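Observations on chain architecture
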Amino acid sequence: MHVYIEDIAKHVGTPVTLKGWLAGKRSSGKIHFLQVRDGSGFIQAVMSKAAVGDEIFATADHLSQESAIIVHGTPRADSRAPSGFEIEATGLEVVGASHDFPITPKEHGVDFLMDRRHLWIRSQRQQAILRVRHEVIDAVRDYFNSRGFILADGPIFTPSACEGTTTLFPVQYFDDTTAYLTQSGQLYNEANAMALGRTYCFGPTFRAEKSKTRRHLTEFWMVEPEVAYADLNDVITLAEGLVTHVIGRVLDRRERELKVLERDTSKLSRVTAPFARITYDEAVTVLKSKGLPFEWGGDFGSPDETALSEHFDGPVAVTGYPSKIKAFYFKPMDGRPEVSMSVDVLAPEGYGEIIGGGQRLENLDLLLQRIKEHNLPQEAFEWYLDLRRFGSVPHGGFGMGIERVVSWICGLDHLREAIPYPRMLYRIYP
Ligand code: 4AD
Ligand code: MG
């Protein structure tokens, strides 16, 4: 019977068939130790000449890394095996040969691996990351779906900017129109929230970020909830709930993967709501007290974000950023219009901003004024302005970058490992 390695515990003592690939091999005279992987896990198959006969034993001797193989055998518990089980092989079929697989157990440079990303993802570590990513995405969907949110995705071809005109990717849209790849589904989310009350979109977003940092991709996945009749506080509470739900779910269901990644999970277990909440003004004071050369009005760089999250030893929700450094759609604070009703959630351990959002400007005249100040073409925003013409209400939401969260949870050095095929300033292959 064909079984998956992740289910092997249920089949101890009964003959099974594994369908997978050879991840590695060791031999000692009359025994081969085959590391078999099938996508669901890794297991060692122990093959003795006595059990399989000369011919199969010789075939196994010549197998090279990543050959596709079917292994017949009987699983047994083995406390020394990483998975707790091994399989005693009784048969072997070679389905697809593999010669000179380029990614060997030795160390390879990052560029070498990135050029072979389509093969690199077969490694145990990369598989673990992709499984955590899957769990994060599933937990996000579950969080919103179980709270009355309706998924309504925005378009990817858009006529205008959402997050500033400097990071737009233009696309020729038939003969005489330029479209832009979406930077955020937020503006459409706002329309959807006026229709559905609580809504979210979840898809790829694009930023022509010329910065070559560990935290920037040009294509990344973002989940964006938007809620009608919500204020800044409601937005922060929703964000805290989402982050703690996602962390809890991964800790609960992906222990094995986090172990492969050698992640110190005690730091993740300590993440509980409510998060530390500080204003931008207070953050500036904290940074200055730590001797950082930060002045009111600027945007935080990653050393600033790291210093803040270290100071609070956990995620921090920073509110009230200067209106000048935020997008046009933020509501200004009552009595202090130079400050916006915005919030960024900064992850601990130096992972920086994972969430950006806030309360939207619901007043038509002020919004028109902001669009002008930002030199945005009003015609392209007429539909968005309609939301302020027909039953405008206070509302808000946020965007959470999936790769930033995966990177933090997995403890990665760079976002490029948090997505199957990263797109960056100098990389669109494979
Ligand atoms: O802070 P941002 O730019 O906010 C927005 O786009 C809002 N319109 C969202 C909303 O309110 N609906 O982006 C939100 C999040 C960031 O906190 C970060 O996690 C992620 O998206 N992000 C990136 N991730 C990877 N690479 C990039 N270049 C990213 N830019 C933003
Ligand atoms: Mg932001």
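Cut-offs and rules
- Each chain carries its own residue numbering, running from 1 in the written order of its sequence.
- Chains and ligands are labelled by the order in which they are written, letters from A for the one and numbers from 1 for the other.
- Totals for whole chains, interfaces and linings use all residues, but because this is a predicted model, local features are given only for residues with pLDDT of at least 70 and pairs of side-chain atoms are given and counted only at 80 or more.
- Calculated side-chain values reflect all of the structure's heavy atoms, with hydrogen atoms and water omitted.
- Only centres within 6.5 Å qualify two rings of Phe, Tyr or Trp (six-membered ring in Trp) as a pair; their planes then separate them into stacked at under 30 degrees, edge-to-face at over 60, and tilted for everything else.
- The cut-offs for exposure are 20% and 50% of the maximum accessible area for each residue type, with area from a 1.4 Å probe on protein chains only; residues under the lower value are buried, those over the upper are exposed, and the others partly exposed.
- Here a strand is any run of E in DSSP of at least two residues, a helix any run of H or I of at least four, and the numbering for each starts at the N terminus.
- The directions from the helix axis to the C-beta atoms form the arc being described.
- Any pair of residues with heavy atoms lying within 4.5 Å of one another is described as a contacting pair.
- Between any two strands, pairing holds if DSSP finds at least two bridges.
- An axis is simply a line fitted to the C-alpha atoms; with a helix, the fit covers only the stretch in contact. Between two such axes, the angle follows the N-to-C directions and lies from 0 to 180 degrees.
- Here a residue counts as near a molecule or strand whenever at least one of its heavy atoms sits within 4 Å of it.
- For this analysis, a polar contact is any N or O atom pair within 3.5 Å, provided that within protein one partner can donate a hydrogen and the other can accept it, and provided that sequence-adjacent residues contribute only side-chain to side-chain pairs.
- Each angle is binned into one of four classes, with values under 35 degrees roughly parallel, values over 145 roughly antiparallel, values of 65 to 115 roughly perpendicular, and all other values oblique.
- It is the rotation of the near helix from the far one that decides the hand of a crossing: anticlockwise by less than a right angle makes it left-handed, clockwise makes it right-handed.
- Asp, Glu, Lys and Arg are counted as charged, while Ala, Val, Leu, Ile, Met, Phe, Trp, Tyr, Cys and Pro are counted as nonpolar; the rest, among them Gly, fall into the polar class.

Looking at the packing of aromatic side chains
Counting across every chain of the model gives 18 aromatic pairs. For the ring pair Phe294 and Phe300, a centre distance of 5.0 Å and an interplane angle of 40° mean the geometry is tilted. Per residue, the accessibility class of Phe294 equals that of Phe300, and both read buried. Considering the side-chain rings of Trp383 and Tyr384, the 5.8 Å spacing of their centres and the 70° angle between planes classify their relative orientation as edge-to-face. On the accessibility criterion, Trp383 (27% relative accessible area) is partly exposed.

Description of helix H12 (residues 382-389)
Think of an α-helix as 3.6 residues a turn; residues three or four steps apart then line up on the same face. Turning to H12, its buried residues are Tyr384, Leu385, Leu387 and Arg388. Along the long axis of H12, the arc covered by the buried residues comes to 140°, so they all point the same way. Along its buried surface, H12 packs onto helix H5 (186-196), helix H11 (364-373) and strand S18 (395-401). At the C-terminal side of H12, Gly391 shows a positive phi close to 75°.

What about the sheet that holds strand S12 (residues 276-279)?
Here we have 8 strands laid out as an open sheet, ordered S6-S10-S11-S18-S17-S16-S13-S12, and mixed in their pairing. Strands at the two margins of the open sheet, each flanked by one partner only, are strand S6 (150-151) and S12. Of the strand pairs in this sheet, strand S10 (residues 198-206) and strand S11 (residues 219-228) are connected by 9 bridges, and their pairing is antiparallel. Its bridge partner being in S11, Thr199 is matched across the sheet by Glu226. Across the sheet, helix H9 (residues 280-289) touches S12 and strand S13 (316-319), and the angle it forms with S12 is around 95°. On top of the sheet, helix H13 (residues 402-410) reaches S10, S11, strand S16 (342-347), strand S17 (352-359) and S18; it is set at about 55° to S18, its chief contact.

Quick notes on the site of ligand 1
Taken together, the neighbourhood of ligand 1 is formed by 24 residues, with Glu163, Gln186, Glu224, Glu353 and Ile354 sitting nearest. Contact between ligand 1 and Glu224: a nitrogen atom at 2.7 Å from a side-chain N or O atom of the residue. Mapped by element, the contributors of at least two residues to the shell around ligand 1 are S11, S17 and S18. The element contributing the most residues to the shell around ligand 1 is S17, with 5 residues.

Considering the sheet that holds strand S1 (residues 16-28)
What the 5 strands build is a closed barrel, ordered S1-S2-S3-S5-S4; its pairing is mixed. When the angles between neighbouring strand axes are averaged without regard to direction, this sheet yields 50°. Inspection of the sheet shows strand S2 (residues 31-37) paired to strand S3 (residues 42-48) by 7 bridges, in the antiparallel sense. Note that in S3 the partner of Gln35 across the bridge is Gln44.

Points about the pairing of S13
Burial along S13 is two-sided: Val316 and Val318 facing one way and Ala317 and Thr319 facing the other are all buried. Bridge count between S12 and S13: 4 bridges; the pairing is parallel. When the bridges of S13 are listed, Ala276 appears paired with Val316. As defined by bridge partners, S13 adjoins S16 across 4 bridges and the pair is classed as antiparallel. Bridge pairing in S16 links Val318 to Asp344.

A word on the packing of helix H6 (residues 232-253) against H13
Here H6 crosses H13 at 45°, and the two axes come no closer than 12 Å. With respect to H13, the axis of H6 lies oblique. The chirality of how H6 crosses H13 is right-handed. For the pair formed by H6 and H13, the contact residues are Val243, Val246, Ile247 and Val250 on the first element and Val405, Trp408 and Ile409 on the second. Taken together, the residues that form the contact of H6 with H13 break down as 7 nonpolar, no polar and no charged.

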